[in-house]
Amino acid sequence: IAEEGVAALSTGLGATAVGYFIQGWFKFGGVEVFKIKAAAAMGEKKAWENRTTIYLGAAAGAEFIADIFLCPLEACRIRAVSDPTYASSLPGVAARLMKEEGLVRGFYSGFGPILFKQIPYTMAKFAVQGRTAEAMYNSMNKSPADCGAILNTGVSLTSGVIAGVVSAII
């Protein structure tokens, strides 16, 4: 900060915001698609009996796809932060990376490490959130259909926070 000023703290912010927005869209949307498809393929009873396996598989598949979209933006962010003179904007960093290093080396050399970090975290997060929400509803002797929007939102937020903390520890 002494050398580059307060603006240095925002270096890479655009890539981070765009990257994690896109990653979240594919992750959360993908989990729901994979859960629905797996449950339909198994049938209602078998899907319920194997819900944790479905949570884990859906989370892993969705995160893998989401990381395909996240990785190029993370590569741009890392380059912008490590060398602030590399380019003045996210499109500038991306264009220079593509020109100098190519698609795979420039944008996907960190794909493996991202997968090893993100997939276990996401699997734990969705499995813990699903089971935590289920336990909360069971403790109230209610199903989500029996509850209003405020209570369902509270269960989602609370179980999400618990899942986030547990996943961060794992």
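Worth saying up front: this structure is predicted, and the values here are computed from it rather than measured.

Rules used throughout
- Residues numbered from 1 in each chain as written.
- Predicted model: local features only at pLDDT ≥ 70, side-chain atom pairs only at ≥ 80, totals over all residues.
- Heavy atoms only, no water.
- Helix = DSSP H or I, 4+ residues; strand = E, 2+ residues; numbered from the N terminus.
- Rg over C-alpha atoms; globule rule 2.2 N^0.38 Å.
- Buried < 20%, exposed > 50% of the residue type's maximum accessible area, 1.4 Å probe, protein only.
- Contact = heavy atoms within 4.5 Å.
- Areas by Shrake-Rupley, 256 points an atom, 1.4 Å probe, with all protein chains shown as cover.
- Lys, Arg positive; Asp, Glu negative; His and termini not counted.
- Charge placed at Lys NZ, Arg CZ, Asp CG, Glu CD.
- Expected span 1.5 Å × (residues − 1).
- Arc of directions from axis to C-beta.
- Axes fitted to C-alpha atoms, helices over the stretch in contact; angles between N-to-C directions.
- Left-handed = near helix turned anticlockwise from the far one by under 90°.
- Nonpolar A, V, L, I, M, F, W, Y, C, P; charged D, E, K, R; others polar.
- Salt bridge = Lys/Arg side-chain N within 4 Å of Asp/Glu carboxyl O.

**Q** Could you give an account of the overall build of the chain, naming the residues involved and the relevant values?
**A** When helices and strands are tallied, the chain shows seven helices and zero strands. Its C-alpha atoms give the chain a radius of gyration of 20 Å, clearly above 15 Å, the size a compact globule of 170 residues would have. Taken over the C-alpha atoms alone, the chain extends approximately 60 × 35 × 25 Å along its principal axes. Buried residues in the chain amount to 32% of all 170 residues. At a minimum sequence separation of 6, the contacts of the chain that also span at least 24 residues come to 70%. Accessible area for the chain stands at about 10,100 Å²; split by element, carbon and sulfur atoms hold 68% of it. Taking the 15 positively charged and 13 negatively charged side chains of the chain as two groups, their mean positions are separated by 5 Å.

**Q** Which residues make up helix α7 (residues 149–169), and what values do they have?
**A** Its 21 residues give α7 an end-to-end C-alpha distance of 30 Å, which sits within 8% of 30 Å, the value for a rise of 1.5 Å per residue. Listing the buried residues of α7 in full gives Asn152, Val155, Ser159, Ala163, Gly164 and Ser167. On an axial view of α7, the arc spanned by its buried residues comes to 160°, and they lie on one face. Exposed residues lying more than 90 degrees from the buried face of α7 are Ile150, Leu157, Val161, Ala168 and Ile169.

**Q** Pulling in residues and values, what's your account of the packing of helix α3 (residues 51–82) against helix α6 (residues 111–139)?
**A** Viewed as axis vectors pointing N to C, α3 and α6 meet at an angle of 140°, and their least axial separation amounts to 8 Å. Of the two elements, α3 crosses α6, and the hand of that crossing is right-handed. Looking at the contact of α3 with α6 residue by residue, the classes come out as 15 nonpolar, four polar and six charged.

**Q** Could you give me a rundown of the pattern of salt bridges, with the residues and numbers involved?
**A** Enumeration according to the criterion identifies seven salt bridges in this entry. Glu63 serves as the salt-bridge partner of Lys27, at 3.3 Å between the closest nitrogen and oxygen. A residue pair is termed long-range when its members are at least 10 positions apart, and Lys27 in helix α1 (residues 13–42) and Glu63 in helix α3 qualify at 36 residues. Neither residue differs from the other here; Lys27 and Glu63 are each classed as buried. Among the ionic pairs, Arg51 bridges to Glu134, the shortest N-O distance being 2.7 Å. Of the two residues, Arg51 is situated in helix α3 and Glu134 in helix α6; the sequence distance between them amounts to 83 residues. Looking at Arg51, the relative accessible area reads 14%, which means it is buried.

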